[in-house]
Amino acid sequence: MTNNWVDIKNANLILVQGGNPAEAHPVGFRWVIEAKKNGAKIIVVDPRFNRTASVADLHAPIRSGSDIAFLMGVIRYLLETNQIQHEYVKHYTNASFLVNEGYKFEDGLFSGFDEAKGKYDKSTWNYQFDENGHAKRDMTLQHPRCVINVLKEHVSRYTPEMVEKVTGVKQKTFLQICEEIGKTSAPNKTMTHLYALGFTEHTIGTQNIRSMAMIQLLLGNIGMPGGGINALRGHSNVQGTTDMGLLPTMLPGYMRLPNEKETSYEQYMNAITPKDIVPNQVNYYRNTSKFFVSMMKTFYGDKATKENGWGFDFLPKVDRIYDPITHVKMMHDGELNGWILQGFNVLNSLPNKNKTVAGMSKLKYLVVMDPLQTESSEFWKNFGESNNVNPAEIQTEVFRLPTTCFAEEDGSIANSGRWAQWHQKSCDQPGEALPDAEILSMLREEMHELYKKEGGRGIESFEAMTWNYAQPHSPSSVELAKELNGYALEDLYDANNNLIYKKGQLLNGFAHLRDDGTTTSGNWLYVGQWTEKGNQMANRDNSDPSGLGCTVGWSFAWPANRRVLYNRASLDINGNPWDKHRQLIKWNGKNWNWFDIADYGTQPPGSDAGPFIMSAEGVGRLFAVDKVNSGPVPEHYEPIESPIDTNPLHPSVVTDPTVRIYKEDREFIGSNKEYPFVATTYRLTEHFHSWTAQAALNIIAQPQQFVEIGEALAAEKGIQKGDMVKVTSRRGYIKAVAVVTKRLKALEIDGRTVHHVGIPIHWNMKVLNGKGNRGFSSNTLTPSWGESVTQTPEYKTFLVNIEKAEV
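Residues numbered from 1 in each chain as written. Predicted model: local features only at pLDDT ≥ 70, side-chain atom pairs only at ≥ 80, totals over all residues. Heavy atoms only, no water.

Asker: Would you mind showing me how to read the layout of surface pockets here?
Answerer: Taking a probe equal in size to a water molecule and rolling it over the atoms shows the remaining empty space. In this structure, the second largest pocket occupies an estimated 590 Å³ of space. If you trace the second largest pocket, you find 26 residues lining it, with Trp-5, His-25, Val-27, Gly-28 and Ser-236 closest to the centre. Going through the elements one at a time, α1 (21–24), α2 (30–37) and β16 (419–423) are the ones with two or more residues in the lining of the second largest pocket. Residue classes in the lining of the second largest pocket are distributed as 10 nonpolar, 12 polar and four charged. Residues lining the lining of the second largest pocket come from more than one domain, with at least three contributed by each of domain 1 (6–234) and domain 2 (663–804). (1 Å grid on protein atoms, 1.4 Å probe; cavity = no way out; pocket = protein on both sides within 12 Å on 5 of 7 lines; lining within 4 Å. Points joined across faces, edges and corners; volume = space filled by probe spheres on them. Helix = DSSP H or I, 4+ residues; strand = E, 2+ residues; numbered from the N terminus. Nonpolar A, V, L, I, M, F, W, Y, C, P; charged D, E, K, R; others polar. Domains from an automatic or database assignment.)

Asker: Any chance you could explain the environment of Pro-430 here in plain terms?
Answerer: Note on placement: Pro-430 falls in the loop between β16 and α16 (436–454). By relative accessible area, which is 51% here, Pro-430 ends up exposed. Remark: the alpha-carbon pair of Pro-430 and Thr-404, spanning 26 residues in sequence, is separated by 8.2 Å. (Buried < 20%, exposed > 50% of the residue type's maximum accessible area, 1.4 Å probe, protein only.)

Asker: What should I look at first to understand the sheet that holds strand β3 (residues 58–60) in this one?
Answerer: Across a sheet, strands are paired by hydrogen bonds formed along the backbone, either parallel or antiparallel in direction. Read from one edge to the other, the open sheet built from five strands follows the order β3-β2-β1-β8-β9, with strand pairing classed as parallel. Two strands bound the open sheet, and with one partner strand each, they are β3 and β9 (229–231). Strand-to-strand twist in this sheet, taken as the mean axis angle between neighbours without regard to direction, amounts to 20°. In this sheet, strand β8 (residues 191–195) lies alongside strand β1 (residues 13–17) in parallel orientation, the contact comprising four bridges. (Pairing = 2+ DSSP bridges. Axes fitted to C-alpha atoms, helices over the stretch in contact; angles between N-to-C directions.)

Asker: What's the story with empty space enclosed by the protein in this structure? I'm lost.
Answerer: Applying the stated rule across the entire model yields three cavities of 30 Å³ or more. Approximately 390 Å³ is the volume attributed to the largest cavity. Along the wall of the largest cavity there are 27 residues; nearest its centre are Gly-18, Gly-19, Asp-46, Gly-198 and Thr-681. Elements represented by at least two residues in the lining of the largest cavity include exactly α1, α8 (197–200) and β24 (677–682). Class assignment of the residues belonging to the lining of the largest cavity gives a composition of nine nonpolar, 11 polar and seven charged. Residue assignment places the lining of the largest cavity across two domains, with domain 1 (6–234) and domain 2 (663–804) each supplying three or more.

Asker: Is there a simple way to explain the nonpolar core in this structure?
Answerer: Note that soluble globular proteins tend to have their nonpolar side chains buried in a common cluster. One finds Phe-70, Ile-75, Tyr-103, Ile-181, Ile-215 and Leu-622 to be the most contacted residues of the largest nonpolar core, which totals 75 residues. Those residues in contact with Ile-75 that sit more than four places away from it in its chain are Leu-151, Val-155, Ser-211, Met-214, Ile-215 and Leu-218. Met-255, Tyr-265, Phe-292 and Leu-584 belong to the second largest nonpolar core, which has 51 residues in total. (Core = buried A, V, L, I, M, F, W, Y, C linked by side-chain atoms within 4.5 Å. Contact = heavy atoms within 4.5 Å.)

Asker: Looking at this structure, how should I read the pattern of salt bridges?
Answerer: Side chains that differ in charge, positive against negative, can pair when their charged atoms come close. The full count for this structure, using the stated rule, is 33 salt bridges. Glu-180 is the partner of Lys-41 in a salt bridge, and the nearest nitrogen-oxygen pair spans 3.3 Å. Residue Lys-41 is found in strand β2 (residues 41–45), and its partner Glu-180 is found in helix α7 (residues 171–183); the two are separated by 139 residues along the sequence. On the accessibility criterion, Lys-41 (35% relative accessible area) is partly exposed. (Salt bridge = Lys/Arg side-chain N within 4 Å of Asp/Glu carboxyl O.)

Asker: Looking at this structure, how should I read the packing of aromatic side chains?
Answerer: Aromatic ring pairs are described here by two measures, namely the spacing of the ring centres and the angle between the planes. Enumeration over the complete set of coordinates arrives at 33 aromatic pairs. Ring plane angle 90° and centroid distance 5.1 Å describe the contact between Tyr-103 and Phe-623, whose orientation is recorded as edge-to-face. Of this pair, Tyr-103 sits in the loop between α4 (86–92) and β4 (105–106) while Phe-623 is found in the loop between β23 (592–594) and β24, placing the two residues 520 residues apart along the sequence. Of the two residues, Tyr-103 and Phe-623, neither departs from the other in class, the shared state being buried. Taken together, a centroid distance of 5.2 Å and an interplanar angle of 90° make the contact between Phe-510 and Trp-524 edge-to-face. Of this pair, Phe-510 sits in the loop between β18 (499–501) and β19 (530–531) while Trp-524 is found in the loop between β18 and β19, placing the two residues 14 residues apart along the sequence. Each member of the pair, Phe-510 together with Trp-524, is buried. Grouped by ring-pair contacts, the aromatic residues Tyr-103, Phe-105, Phe-110, Phe-113, Tyr-120, Trp-125 and Phe-623 constitute a single cluster. Its guanidinium or amino end placed over the ring of Phe-312, Lys-317 lies 4.6 Å from that ring's centre, counting from NZ or CZ. Directly above the ring of Tyr-662 sits Lys-329, whose terminal nitrogen or CZ lies 5.1 Å from the centroid. (Phe/Tyr/Trp six-rings, centres within 6.5 Å; stacked < 30°, edge-to-face > 60°. Lys NZ or Arg CZ within 6 Å of the ring centre and 35° of its normal.)

Note that all results are geometric; they support no functional claim without further evidence.
Written as C-alpha cells, this is what we have:
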C-alpha cells in the first residue's frame, strides 16, 4: 500500500478492481464502510457480483483478463475530457519528458522486440537527453514526443466501443464509472484503488497495477490521504515476506541478487544504482551502496571487507530465473535433487498440480517445515481418483519438521499498510514443534560440522556468515529484530563532526547507514524499528491529531515510520496543500514534517526536487523507462487461454509475446473449442486459504468444494443447483457441487457469448468430511506460464469445460 488501511476512510471514491476485500479482508473492510458513511461511493469491477459488490454503489461485470483494456479506456476518457489534475501532472509526473525518437508502438509490438528470444531490447524506451545527460522536458506539454502526447496516441484506440468489445462492460456503465473517477481530479477529492491477487495473477499482472497507478497520477491521487494504489495482501505477513527478500533471486529491501555477468562489487553496484537524469533530484536510491554494504556487514561481519566487495564475493550469482515454477521444471529435467518447503504447501498453491506431483516424485529428498500435515508432506499418498499416484513408484525421502504458528512465538508481522506490529507468544507449541529460526539454526550447525569434516562447494561463504546469538542454535526474535534494524560498528559523527552514535548503539533511521563498513542493517527499510528507545513495533499509541487516521504512535511503518508514501505530493510546488483538510506535512523552515513523516529532504518550497524521491527523475512515471519487460506503457493482450480467437486491438499479436512459457508447458495450453468457458479462482471468508480445510468449524460453515456458474450456462448444460459437476482444463479435472447463481452473468465479447466459472481455492486433498472433495484441488486446473516481470502464474483466467458428473 502507498497509504494504509485506516486511510481508506478519507476517500471520496473507492474503486475495487482485482480484489474482494469484504470477503478476503473482512476486518480491514471496516474502513471502506467508514468511507461510505462519510459519503464516499464504492465501485466494484469484477466478473462476479461478490460480497464487496453487495455494498457498492455500482458493479460492472468484466471479463477476467481484460482489465488493461478497461483502464486504458479510463485514461483515454480522462485525457479526452481534460479531467486530470493539471498542476500535479505537469510538475509531479514525467508527462513533460521527451520520449526517445526511436520508440514506437505498431501492430501490437513495442520497438526493440526480438522474436527469437521473446524479449525486448529496451534501449529506445527512454527519454531524450541533452549534452549533460539530463532528460529533456517541455513544460508546455506541446511537443509531440512529450510523454503525455505519446500516451494520448497510445490510448486513442481504447474507445468506449472497444472497451465493451474486449471487456464486456457496457458502454453506459463504463462511462458512468469514468465520470465518477474523473470527479476525483479535483484537488479536494481523492479516489483510492484497492486490488489483490485478482490483478496480479495474470500474464499482464505488472501492467494491470501500472495502469491503475497511471490513472492515480493523472488524477493527482498518489501521496494524498484517501488516495494511493493499495495492494491488499493475502494474509498477515505477505508484505513482510517480500520486504525480507524471500524470493529466490532477491535480497532484503528489494535489492536483487547479482547475476553471473556481474563479477565485481563495483560492476553490480553500477548496475543497480540509478543515475541522476534530472538536476537537483533526491534520487534516494543513489544510496543503494549504503543499504547493501550495511546488509553485508550484518551477513558476514568482519569477513565483509573492502577487498572482497564487502562480502559481494560470498553471494551466489544468478544464472537464470528461479521461482517455484522453474523449480518444478528443474525436477523434471533432473537438475534439482532436494527441496526445502518452509511454510509453503506447494501442492495446493502451485498451478498444474499433476505436473508438480510428477516433479516432486523425482526428488531424492523433500524437507517440509510446517505446523500441519499438508498435501506436500504427504504428496506420495494416493488421495483419490484425480491424484493418480502410486506410492510404490515414488522414491523421494520426505522429512517433516513441525514448526510453530505465529501465536506460539514472539515476533512482528508486517501488514498491507507496511506496519510492522509486535506480538507476544500466547501459548506453547505442541509436541516436537519448534520455531522456524531454531530449526534452521540447528540445520546450519549440522551443515557446518559436515563442511568441517568433508569440505564442499560454498564452504568459504558458509563459514564467513555471522551467527552471533546468545544461543546459536536458537536465536531470539528480539535479537533478530535488532539485527534487522542495525547498529553502529564505530563511533559515528555527522558532517559537523558531532557524535551521533556511540559504537554498538542501535540506529534510528536509514539515513545514517554508511558504505564504509561502519554500520549494519539486515534490511534498510526496517531501520528504526528497534532503537535505543526500545521496540518501536510495540508502540500502541493510537492518538490521531490529524483526524486522518495518521497514528504515527502505533507500531512502526516502513520506511522511517511513514504512513503515506510520497506525501510531499499532497502539496503543490510552493508547499501549499491541494486540500487544506487533508494536510499531512508542511514546511517548518528547516524540513517537511507535521502529522506524518515526510518522505522528502530539506529542500524548501519552490525547489526543483520532485516528490517521488525513489525515482531518478523525482516524478511519477506515466511512461516506464526500465524494469517492465512487456512495454513502457500498458497494452491489452489476451490471456494465453483466450475465449476468443483474436485480439480486437491487433489480431497479429494476440497474447503478450514476453510471457514465460516453458517448452513442455505448451502441450498444456487449452483451446476455446474444447474448453469454452473462462474460469477464475477466489477466496471465501469462511476459510483461510487451504489451512482450515481440516478444521471442523470451518467445514461446518463451508462444507465442501463448489463452483459457481451463471443461470444461463446452467440451463445450457442442463445443470441444476446441487448437482455434482466435473470441471476440466487441459491440465486435469476436479469434481465439485454446482452453485447456480445470478452473481455470474454472460458477457458479450467480440460477438461471442462468454461464460465464467467461479472456483474457490480452499478445499484440498486432505479433508474431514470426504463429500466429493477427496483427491481434488482447484490448482489441478490452473496453468504454469508466468508473467515476464514477476513470473506469477495466470491463476485468475484460464479455460475450462463443465459437465454433469456421475456421483
